Every structure is written in C-alpha cells, then in structure tokens.
Amino acid sequence: MSTETHNSRRRFLRTAGLGAAAFTIVPRHVLGRGFTAPSDQVTLGVIGLGKQGNILADYFVNQTGARILAGSDVWDGKREGFRQNVKRFYRMSADGGRAPRVVTYPDYRTLLERKDIDAVIVATPDHWHHRQTIDAMAAGKDVYCEKPLTNTILEGRAIVDAAAKYSTVFQVGSMQRSWDRFRIAHEAVSSGRLGKISKVLVNVGGPARAYDLPAEVLPKGVDWERWCGPAPIVGYNDLIAPAKVETYPDWRDFKEFGSGRIGDWGAHMFDIAQWCLGMDDTGPVRFVPPTDLQAVDSKDMRGLRMYYADGTEMIHEDFGRSWAVRFIGERGSLDVSRDFLETTPVTLLPAQPLDEAGKPVRDYGNHYEDWISAIKSRGETICPASVGHRSATVANVGSIAYWLGRELRWDPAKEE
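All residue numbers refer to positions counted from 1 along the written sequence of the respective chain. The predicted origin of the model limits local features to residues at a pLDDT of at least 70 and limits the giving and counting of side-chain atom pairs to 80 or more, whereas totals for whole chains, interfaces and linings rest on all residues. In computing side-chain properties, one takes all heavy atoms of the structure into account and sets aside hydrogens as well as water.

**Some words on the packing of aromatic side chains**
Then, number 1: Only rings of Phe, Tyr and Trp enter the pairing, Trp through its six-membered ring, and a pair is recorded when the two centres are within 6.5 Å. The plane angle decides the type: under 30 degrees is stacked, over 60 is edge-to-face, the rest tilted. Throughout the structure, instances matching the rule amount to 15 aromatic pairs.
Then, number 2: Centre to centre, the rings of phenylalanine 60 and tryptophan 371 are 5.6 Å apart; their planes meet at 80°, and the pair counts as edge-to-face. Separated by 311 residues along the polypeptide, phenylalanine 60 in helix α4 (residues 51-63) and tryptophan 371 in helix α13 (residues 367-377) bring together distant segments of the chain. For the pair phenylalanine 60 and tryptophan 371, a shared accessibility class is recorded, and that class is buried.
Then, number 3: Every member of this aromatic cluster is reached through a ring pair, and the members are Tyr211, Trp224, Trp227, Tyr236, Phe254 and Phe257.
Then, number 4: Lysine and arginine charges are scored as sitting over a ring when NZ or CZ, respectively, is within 6 Å of the ring centre and within 35 degrees of the ring normal. Between arginine 252 and the ring centre of tryptophan 251, over which it is positioned, the NZ or CZ distance is 4.4 Å.
Then, number 5: The side chain of lysine 255 reaches across the aromatic face of tryptophan 403, ending 4.3 Å from its centre. Put simply, DSSP H or I for four residues or longer makes a helix, DSSP E for two residues or longer makes a strand, and each gets a number counted from the N terminus. A 1.4 Å probe rolled over the protein chains alone gives each residue an accessible area, and that area as a share of the maximum for its type sets the label: buried under 20%, exposed over 50%, partly exposed in between.

Right under this line is the structure:
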C-alpha cells in the first residue's frame with residue numbers, strides 16, 4: 001500500500017463514517033488469537049537507534065501490537081544494525097510475526113514526513129528531546145520520549161504546551177510507574193499507611209559537569225555536527241558516542257548533552273517521590289545545597305535539601321541502599337528500589353506473592369502498551385509530558401543549586 005493511500009489508524013478513528021467502515025473489517029476472532037487487525041495497529045518510527053532505541057524497539061515488538069516501519073540516526077552503521085535487529089525481534093516474537101519493511105533515514109525530519117506513521121519513539125541523547133518531540137507533535141505524531149524529558153525547565157515547559165496544543169498522546173519513559181513494586185509503594189504512601197510523611201530520602205547520582213574529554217579521531221559513518229545538533233559542537237570522544245550499541249554512552253554526565261546522574265536516575269527516583277507524595281503538578285519550593293562542595297566530584301555530590309510548601313523535606317542522600325527512595329512517616333518507613341520493597345514495621349505492607357526461590361514476584365507492568373492503548377482511546381498515559389516535566393524540574397533546579405552553591409527559592413506555579 002502506498003503512502004498516499006494508506007489509511008492510518010488515527011485517521012480511521014477520526015473518520016465520521018465509523019459505522020459503515022466497521023463492516024469492511026474482518027472480526028479479530030476470525031483471524032486467530034493474537035492477531036491484530038490492520039485497523040487496530042499503531043505504526044511507529046524510532047528516532048535514535050543506539051542501545052536504548054534498540055531496547056525499546058524490542059519491547060514494542062514483543063509487548064504491544066504496534067508495527068515499526070522506520071528509524072532515524074546520524075550513524076550509517078546504526079541504521080543498518082537497527083533494520084537487522086527489528087527483523088530479528090519479529091522473528092523471535094511470541095507469535096513469530098513477519099517483520100514489516102523498515103526504512104531508515106539520517107535526518108529524522110524525513111521520517112516525520114511519512115503519513116503512514118502514527119507515532120514516534122524518541123531515544124536520542126537528551127539535548128535533542130525538545131526539538132525532536134515538538135517537531136513530531138507538529139507533524140501530527142504521538143510521542144514516547146525517553147526520560148529525563150529535557151535538560152532545561154524552559155524546554156520542558158515548551159514540550160508540555162505543545163502536547164496540549166496538538167492533543168498529543170505523550171508517554172515519558174519513566175517506566176517504574178508501571179511496575180507493580182512501585183505501584184504498591186504508591187498505594188501505601190498515598191493512602192496514609194505510613195501516616196503523614198515528614199521526610200523523603202532519594203539516592204541517585206550527582207549533577208552534570210562541563211564537557212572535558214579529549215578529542216579523538218572521528219569514526220567513519222557518523223555526521224558529528226548533526227549528532228551535536230542544538231548543543232555546542234565539541235571534539236568527538238567514544239565515551240559519549242560509541243559506534244557500537246552494546247553499552248550505554250556517557251553523554252549524560254555532561255551539561256552540554258545531559259543533566260547528570262541526578263537527572264538521568266532522578267527521572268526515575270524523584271519521579272517516584274513526586275508521585276507518591278501527590279506532587280505531580282508541583283514541586284519543592286526551596287533547594288538548599290551543602291555549603292562546601294568544592295572538593296567533591298560532581299558524580300558524588302549529595303546533601304541537597306528540598307522542601308515542599310506543606311513542609312515535607314526531601315533529601316538527595318545516599319542512605320546505603322543503592323538507587324532507591326525512603327519515605328519516613330509517623331507510623332513507619334518504606335524503602336523502594338528496583339530490587340526491594342520493604343517497610344518498618346513489616347506489617348505496613350500486605351503480604352507479597354513469592355516465587356519458587358522465596359523472593360517477591362516481580363511484575364513490570366507494560367509501560368509500552370499503556371501508551372499504545374492511550375493512542376487508540378485518545379486517553380492519558382501513566383506518565384504524560386506534564387508529569388515528566390515536573391520530575392525533570394526537580395533535578396534541573398537541584399543541579400543549579402549545586403552549581404551555584406547557594407539556596408534557591410522556586411515558584412512551581414510560575415516556574416521561576
């Protein structure tokens with residue numbers, strides 16, 4: 001079917017004559033269990049074909065009924081590798097589905113011009129999120145954007161406003177909200193089982209630093225100026241942009257491209273704190289950093305104290321349990337991470353189902369199907385742009401407080 005004659009799922013849903021069109025569709029049950037009718041399939045393009053882009057493509061192939069039709073990246077080799085990987089993902093999927101023809105492009109804007117693509121996944125380095133998501137929304141695409149949403153508050157607000165303007169179904173990749181372990185923690189804290197929360201401890205890494213890596217020989221097959229894009233053009237270094245996709249790159253450690261580990265992991269852990277406290281539409285109003293930070297490596301910076309308007313204190317602190325969150329309330333405390341969910345006393349949580357090894361059963365939910373389902377219903381996702389923006393803002397303002405070494409007052413309503 002050509003691009004011109006393709007009836008996208010979105011146009012189909014918005015067509016007035018739905019009743020007449022329904023008679024031309026073969027009922028799903030006739031076609032076999034697990035079959036998704038073409039009219040029900042969301043078609044996807046992936047922007048950013050490095051490690052995370054390939055991981056997400058695998059998830060969407062195996063956990064949703066969506067179809068990946070295109071990809072975009074500034075690396076020649078990554079474009080070809082993505083095409084081969086998508087074929088493999090479909091071949092190894094539960095239903096052994098036949099892979100669609102995947103076309104890749106060096107310029108993401110060419111992908112956005114395709115009328116047969118309903119939605120895009122943005123998995124590029126964070127400095128590209130603002131421009132690419134807004135361009136995608138303006139092109140009529142729904143968006144799944146990796147976390148953290150943006151490196152700056154102004155960029156985040158622009159994305160939220162654009163999502164409202166274009167009625168975009170937007171999902172931020174803070175997938176812990178879909179995990180059963182974190183949903184149980186949310187229910188326990190928000191329902192008052194711990195009593196009034198007085199303090200929250202969040203352990204994630206520190207803020208970003210200025211780019212300081214030595215320039216290396218630029219590999220063949222990469223458009224480096226396009227990779228840098230809206231950021232300053234710096235000397236290439238394999239640590240921030242490896243040609244291979246097996247390891248995560250370190251661009252997130254530098255101000256020019258990312259928001260440090262406080263932003264990268266904060267988009268998970270500050271996000272859980274915001275969610276459980278019922279602060280998704282606001283944030284702390286005071287940010288107080290430690291007084292002596294000169295001798296501390298940015299990755300190890302801790303000690304920032306943040307205060308909400310209701311007096312709840314949140315501390316960026318290593319409390320000895322890896323990347324995790326601790327809620328301290330009148331009746332006890334709750335610790336949650338990807339590896340544990342525990343309360344003191346233990347009676348604050350209901351008994352959890354155990355596996356054969358006696359460990360709590362893990363349920364990761366389906367953050368990806370949540371977005372696809374919302375696209376079909378035109379509903380809201382579990383982590384829309386507005387929520388991702390607020391969680392990123394905690395790290396954005398916190399980083400500024402660390403860099404300046406002084407207290408900041410923040411107005412969440414005015415965002416200034």
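Don't stop here, the text continues.
**Structural notes on the pairing of strand β12 (residues 333-336)**
Then, number 1: Because side chains alternate across β12, one face comprises the buried residues Ser333 and Asp335, and the other comprises Leu334 and Val336, equally buried.
Then, number 2: We treat two strands as partners when DSSP finds at least two bridges between them. In this structure, strand β11 (residues 324-329) lies alongside β12, joined through four bridges in antiparallel fashion. Bridge pairing in β12 links arginine 326 to aspartate 335.
Then, number 3: Linking two consecutive strands that pair antiparallel, namely β11 and β12, is a turn of three residues; a positive phi of about 155° is found at glycine 332 within it.

**A short note on the sheet that holds strand β14 (residues 408-409)**
Then, number 1: An order of β13-β12-β11-β7-β10-β9-β8-β14 is seen for the eight strands of this open sheet, with the pairing classed as mixed. The open sheet has two edge strands, β13 (341-344) and β14, and neither has a second partner.
Then, number 2: In what follows, residue pairs with any heavy atoms lying within 4.5 Å of each other are defined as contacts. Orientation is described by axes fitted as lines to C-alpha atoms, over the contacting stretch for helices, and by angles from 0 to 180 degrees between their N-to-C directions. The strands touched by helix α12 (residues 266-277) within the sheet are β7 (197-203), β9 (305-307), β10 (313-316), β11 and β12, with β11 carrying the most contacts at an inclination of about 30°.

**Examining the sheet that holds strand β4 (residues 119-122)**
Then, number 1: Across the sheet, which stays open at both edges, the six strands sit in the order β3-β2-β1-β4-β5-β6 with parallel pairing between neighbours. For this open sheet the edge positions go to β3 (103-105) and β6 (170-172), each flanked by a neighbour on one side alone. Between one strand axis and the next, the sheet turns through 20° on average, direction left out of account.
Then, number 2: The pairing of strand β1 (residues 43-47) with strand β2 (residues 67-72) spans five bridges and is classified as parallel. Each residue of the ladder has a partner; that of leucine 44, found in β2, is isoleucine 68.
Then, number 3: Against the sheet, α13 contacts β1, β4, β5 (142-145) and β6, and its axis sits at roughly 165° relative to β5.

**Some remarks on the environment of threonine 43**
Then, number 1: Counting through the fold element by element, threonine 43 comes out in strand β1.
Then, number 2: Assessed through its relative accessible area of 7%, threonine 43 is described here as buried.
Then, number 3: C-alpha separation for the pair threonine 43 and leucine 69, spaced 26 residues apart in sequence, amounts to 6.5 Å.
Then, number 4: Leaving out residues up to four positions away in the same chain, threonine 43 has contacts with Arg67, Leu69, Asp116, Ile117, Asp118 and Ala119.
Then, number 5: The term polar contact refers here to a pair of N or O atoms within 3.5 Å; inside protein, the definition further demands a hydrogen-donor-capable atom paired with an acceptor-capable atom, and it admits residues adjacent in sequence only when both atoms are side-chain atoms. One polar contact links the side chain of threonine 43 to the main-chain carbonyl oxygen of aspartate 116, over a distance of 2.6 Å.

**Section: the environment of glutamine 171**
Then, number 1: Looking at the element boundaries, glutamine 171 is found in strand β6.
Then, number 2: Assessed through its relative accessible area of 0%, glutamine 171 is described here as buried.
Then, number 3: As a C-alpha pair, glutamine 171 and glutamate 146 span 25 residues in sequence and 8.5 Å in three-dimensional space.
Then, number 4: Apart from the residues lying within four places of it in its own chain, the contact partners of glutamine 171 are Val143, Tyr144, Cys145, His367, Asp370, Trp371, Thr381, Ile382, Cys383 and Pro384.

**Some thoughts on the packing of helix α9 (residues 180-190) against α12**
The description of two helices packed together rests on the angle between their axes and the distance between the axes.
Then, number 1: For the pair α9 and α12, the least separation of the axes is 8 Å and the interaxial angle reads 40°. What the angle tells us is that α9 and α12 run oblique. Here α9 runs over α12; the crossing is right-handed. Taking contact as the criterion, the partners of Phe182, Arg183, Ala185, His186, Val189 and Ser190 in α9 are, on α12, Ile272, Trp275 and Cys276.
Then, number 2: Tallied by class, residues from the contact of α9 with α12 come to six nonpolar, two polar and one charged. Small angles under 35 degrees read as roughly parallel and large ones over 145 as roughly antiparallel, with 65 to 115 read as roughly perpendicular and the rest as oblique. With the far helix as reference, a near helix turned anticlockwise by less than a right angle produces a left-handed crossing, and one turned clockwise produces a right-handed crossing. Gly falls in the polar group here, along with every residue not listed as nonpolar (Ala, Val, Leu, Ile, Met, Phe, Trp, Tyr, Cys, Pro) or charged (Asp, Glu, Lys, Arg).

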